[in-house]
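So the chains spell out like this:
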Amino acid sequence: MKTFYVTTPIYYANDLPHLGSLYPTIVADCLRRYKRQRGYETYFLTGTDEHGINIQRMAERKEVTPRQYTDNIVAEFKKLFSLFSLDTEHGGYDIFMRTTEPFHYQGVAELWRRVAASKTPKGNDAIYKSHYEGWFCPSCAEYKTEDEYQKPEQPGEAPSCLVHLKPLDRVSEESYFFRLSDYDEALLKLYEDPEFVQPEGRRNEVISFVRTGLQDLSISREKRSVSWAIPVPGDPGHSIYVWFDALINYITAIGFGNEERERVVGFEKFWPAVHLVGKDILRQHAIYWPAFLLAAGIDPPRKVFAHGMWLDPNGRKMSKTLGNTIDLDILHRYFATDAVRYFCLREMVFGQDGRFGYETLIDRTNSDLASGLGNLSSRTLTMIARYCDGRVPSGKISEDKLLFAKRVGVDTDETTIAGFAEHARDQFLHDFDNFAFSRALEVVWSIIARVDKIISDAKPWDLAKDENQRQTLNAVLYRAAETLRWLCILLNSVMPEATQGIYTQLGLVDSLAHLNPADLKWGGLAEGTQIGEVKPLFPRLDRAKTMAEIRNGSDVSAARPSESDAVTSAASEARTKPLPPVRRATTEAVSGSEGVTSFIEIGDFAKVDLRVGQVLTAERIPKADKLLLLSIDIGEEKPRQILAGIAEYYEPEKLVGRKIVVVANLKPRKLRGYESQGMLLAASVGEEGKPVIATFTEDVPNGARLK
Ligand code: MSP
């Protein structure tokens, strides 16, 4: 079986997880799920980088051991990754790698010994001992050359790191060096393969950096300056440089240097890996790492792909000082996990910088998910329930009915939509294989747009009134349902939960995780399949209301603990969190009366909680001719379920998306076995009391109160 091994960088365990740690993990997770669907045996690594002077100092300040310090940070990382379905339990990473694992120590020592025993391509010792004199940034864990630091204002002061703006450490001590300067030609040979470092622009940067001449690299510190590190084999007075240690995690995790892990995972089986890294750590991955591996006689990685940075909506770098970071608590509280995953892949062109703002996330959720995928799914399934007794109809139109279909503009040739879907699928596979995730998703949304148009043009609700158009109606609904099946398989890697949800609603039972999009054939959805219960998947978010809540929430969560609080407080659970949106209690409503016969006080009116709601789904109820079962977003955490006696006058699917008025504090009651959690307002017209639903002619946010 073909194998695929993908890694994220291992994150410094000196700080709580942030968007910079969430993002690459989401991308790697999607990629691995995609490859698994494509039939690969996969392995996905993420984890933490736990050694070095920075963590040593943080722990000293907190009066805990470095290990206690990183244990607490790791617990926070694992908690976060689980919230976003990225952990093993949710089908995510195979290993949360920690550089403090004993097997890692073993593997690092083994690699060091191999490199130390090797000669460079130019015939010199790959590692030699000498003296290092220079400036070091503990936060970057990097030595800085003159053009990489800011000179001090006063003579005698330390220069500052250009990234962290903090003073650098002066290092003047004995050190082991890796003879990187001898590997330039060997590295340039590797870069001849255009697939090795990507995207192209980054590859060119790496090539020109190597061409300008490489400096040898200090790969150890004296133990008396850095003690929280892996010792140099055979020379315990020296500690291995944190980057040398960290990069090796990619191979120790799968069994290099440890027979037990080799047996359980398989270095031989999975190496080489695809490394996803931020552009800020490309040099370490595309230059140092392959050079270490060349020296040790190990194959270089399969690929190093450098992605861009998330900036704030104004294009500024995110930083705690500017207060423009993304709060992961908020992200989790207000947005569906799959919406965040989708946004990460769709909004940023992988390889370029992108802008991350809550507003853009709300807009994308509403346009692409609530109105796009979610709406296509709910309207298709609701119509199958309504017009076809809940069974997937046939997509075929017999000869004698072709003319009817043509008359209403329905393309009778099913191969047209099949061909369109196949072409889009091939484009999707090509883009995903090339890490062009955003484009791949754009292509999938072109299928959604196409089918939306087929439905709007054909107007199934009109076709349903004409017996001659039964086959046309069936064909339109089959096309929509079969497209939904395709969408589930195509999008499963990006939105595992939502797609599995739609798939179940389609009445299908397999696990999507192993269904290969390349094997999709039009017509796979069997006629007669009994669809499942129709449920809304992506409720629309009320932009103004959600933003107001996020703003209030951020004030509170500004009190979010720093990394040090997470470490010193055993009760890191006690994070200050804004309260989740509260579901308003339903109380007894004022009793209504037929016709206005007497005046009420304003206070009486105020007892009625009238809210703007938006219909998310609408369906008929078996054996209840008059009732529709609606789910309505009134700006609460969960949509309300409301039964309304309007089935004789309203086609359910036409109600989806409509803004209406809801009595929100009516005592819930049961009708036909369903709880109705409110009431919608409608005028009662004519003798028969035809209901005409109250609505708005201007855009109003869901949940807005009527006064
Ligand atoms: N520990 C090293 C990696 C060692 S890998 C052998 C490290 N850790 S880090 O925690 O500082 O950064 C991890 C990753 O987060 C980097 O790839 C970095 O690019 C990424 N990000 C940090 N901030 C980011 C954004 N604002 N946007 C996207 N990714 C960013 O470096």
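Residues numbered from 1 in each chain as written. Predicted model: local features only at pLDDT ≥ 70, side-chain atom pairs only at ≥ 80, totals over all residues. Heavy atoms only, no water.

Take helix α5 (residues 184-191) next. Looking at α5, one finds that the buried residues are Asp-184, Leu-187, Leu-190 and Tyr-191. All buried residues of α5 lie within an arc of 120 degrees about the axis, which places them on one face of the element. Set apart from the buried face of α5 by more than 90 degrees, the exposed residues are Glu-185 and Lys-189. (Buried < 20%, exposed > 50% of the residue type's maximum accessible area, 1.4 Å probe, protein only. Helix = DSSP H or I, 4+ residues; strand = E, 2+ residues; numbered from the N terminus. Arc of directions from axis to C-beta.)

Another point: helix α4 (residues 102-116). Taking 1.5 Å as the rise per residue, α4 with 15 residues should run 21 Å; its terminal C-alpha atoms sit 21 Å apart, in good agreement. Those residues of α4 not exposed but buried are Phe-103, His-104, Gly-107, Val-108, Ala-109, Leu-111, Trp-112 and Val-115. (Expected span 1.5 Å × (residues − 1).)

Glancing now at the pattern of salt bridges. One pass over the structure, following the stated rule, counts 46 salt bridges. Of the charged contacts, one joins Lys-303 and Glu-195 as a salt bridge, the two residues approaching to 2.9 Å between their closest N and O atoms. Of the two residues, Lys-303 is situated in strand β15 (residues 303-307) and Glu-195 in the loop between α5 and β9 (197-198); the sequence distance between them amounts to 108 residues. Overall, Lys-303 belongs to the buried group, its relative accessible area being 7%. The closest approach of N and O atoms between Lys-396 and Glu-414, which form a salt bridge, is 3.2 Å. Highlighted residues: Lys-396 in the loop between α14 (358-387) and α15 (402-407) and Glu-414 in helix α16 (residues 414-433), separated in sequence by 18 residues. Lys-396 sits in the exposed class, given a relative accessible area of 57%. (Salt bridge = Lys/Arg side-chain N within 4 Å of Asp/Glu carboxyl O.)

With respect to the element layout, Pro-231 can be found in strand β12 (residues 231-232). For the pair Pro-231 and Leu-629, spaced 398 residues apart in sequence, the C-alpha to C-alpha distance is 67 Å. For Pro-231, the contacting residues outside a window of four places in its chain are Tyr-105, Pro-236, His-238, Ser-239 and Ile-240. (Contact = heavy atoms within 4.5 Å.)

A word on the site of the ligand. What surrounds the ligand is a group of 20 residues, the closest being Ile-10, Asp-49, Gly-278, Asp-280 and Trp-310. Backbone polar atom of Tyr-12 to an oxygen atom of the ligand: 3.2 Å apart, as the coordinates give it. Contacts to the ligand include Trp-310, whose backbone N or O atom sits 2.9 Å from a nitrogen atom. Calculation on the ligand without its partners gives an accessible area of 670 Å², and the protein chains cover 88% of this total. Those elements that provide at least two residues to the shell around the ligand are β1 (3-12), α7 (242-247) and β14 (274-278). Across the shell around the ligand, the residue classes tally to 12 nonpolar, six polar and two charged. (Near = heavy atom within 4 Å. Polar contact = N/O pair within 3.5 Å; in protein donor to acceptor, adjacent residues only side chain to side chain. Areas by Shrake-Rupley, 256 points an atom, 1.4 Å probe, with all protein chains shown as cover. Nonpolar A, V, L, I, M, F, W, Y, C, P; charged D, E, K, R; others polar.)

What follows deals with the sheet that holds β12. Sheet architecture is open: three strands sit in the order β11-β13-β12, paired in antiparallel fashion. Looking at which strands have only one partner, the edges of the open sheet turn out to be β11 (220-222) and β12. With two bridges joining them, β12 and strand β13 (residues 235-240) adopt antiparallel strand pairing. Note on β13: the bridge partner recorded for Pro-231 is Ser-239. (Pairing = 2+ DSSP bridges.)

With that out of the way, let us pick up the confidence of the model for the protein chain. Across the protein chain, the average pLDDT comes to 90, with 92% of residues at or above 70. Within the model, the stretch residues 555-566 combines pLDDT values under 50 with 28 contacts to residues more than four positions away or in other chains. Here residues 568-597 is a poorly scored stretch, pLDDT under 50, and it has 54 contacts once near neighbours within four places are set aside; other chains count. (pLDDT = per-residue confidence, 0-100.)

Another point: unusual backbone geometry. Following Gln-198, the chain continues to Pro-199 via a peptide bond in cis, the omega torsion being -5 degrees. Counting through the fold element by element, Pro-199 comes out in the loop between β9 and α6 (200-211). The amide bond that connects Trp-271 to the next residue, Pro-272, takes the cis arrangement and shows omega of 5 degrees. Notably, Ala-141 is not glycine yet its phi reads approximately 55 degrees, a positive angle. Tracing the backbone through its elements, the reader meets Ala-141 in the loop between β4 (127-137) and β5 (142-144). Here Ala-141 falls in the buried class, since its relative accessible area comes to 4%. A positive phi angle, close to 65 degrees, is found at Phe-435, a residue other than glycine. Phe-435 gets classed as buried once you look at its relative accessible area, which sits at 5%.

Let us now look at empty space enclosed by the protein. Tallying each qualifying case throughout the model produces one cavity of 30 Å³ or more. Quantified by volume, the largest cavity comes out at close to 160 Å³. Every residue lining the largest cavity is counted, 19 residues in all, and those nearest its centre are His-51, Gly-52, Ile-53, Ala-141 and Val-242. Counting only elements with at least two residues in the lining of the largest cavity, the list comes to α2 (53-62) and β13. Top contributing element to the lining of the largest cavity by residue count: α2, with three residues. Considering only residue class, the lining of the largest cavity consists of 12 nonpolar, six polar and one charged. (1 Å grid on protein atoms, 1.4 Å probe; cavity = no way out; pocket = protein on both sides within 12 Å on 5 of 7 lines; lining within 4 Å. Points joined across faces, edges and corners; volume = space filled by probe spheres on them.)

Examined against the element boundaries, Ser-377 turns out to sit in helix α14. When neighbours within four sequence positions are excluded, Ser-377 is seen to be in contact with Leu-484, Ile-502 and Leu-537.

Moving on, we get to the pairing of strand β20 (residues 640-644). Counting buried residues along β20, four of its five residues qualify, which places the element largely inside the surrounding structure. Bridge count for strand β19 (residues 624-633) against β20 is five bridges, and the pairing is antiparallel. By the bridge assignment, Leu-628 is partnered in β20 with Ala-644.

Here we take up the sheet that holds β19. Taken in spatial order, the five strands of this open sheet run β20-β19-β18-β21-β24, and their pairing is antiparallel. Across the chains shown, the open sheet's two edge strands, defined by having one partner strand only, are β20 and β24 (679-680). With five bridges joining them, strand β18 (residues 610-621) and strand β21 (residues 659-663) adopt antiparallel strand pairing. Looking at the pairing, Gly-613 lines up with Ile-660 of β21.

On to the packing of helix α1 (residues 19-37) against α16. The contact between α1 and α16 brings their axes to 11 Å, and the two run at 125 degrees. With respect to each other, α1 and α16 are oriented oblique. Note on packing geometry: the crossing formed by α1 with α16 is left-handed. Side by side, α1 and α16 meet where Cys-30, Leu-31, Tyr-34 and Lys-35 of the first sit next to Phe-428, Leu-429, Phe-432 and Asp-433 of the second. Class assignment for the residues of the contact of α1 with α16 results in six nonpolar, no polar and two charged. (Axes fitted to C-alpha atoms, helices over the stretch in contact; angles between N-to-C directions. Parallel < 35°, antiparallel > 145°, perpendicular 65-115°, else oblique. Left-handed = near helix turned anticlockwise from the far one by under 90°.)

Okay, the environment of Tyr-105 next. Along the chain, Tyr-105 falls in helix α4. Overall, the relative accessible area of 26% leaves Tyr-105 in the partly exposed class. Between the C-alpha atom of Tyr-105 and that of Asn-249, which follows or precedes it by 144 residues, the distance is 9.4 Å. Discounting residues that sit within four places of it in the chain, Tyr-105 has contacts with His-51, Thr-99, Thr-100, Ala-229, Ile-230 and Pro-231. For Tyr-105, the side chain forms a polar contact with the side chain of His-51, separated by 2.8 Å.

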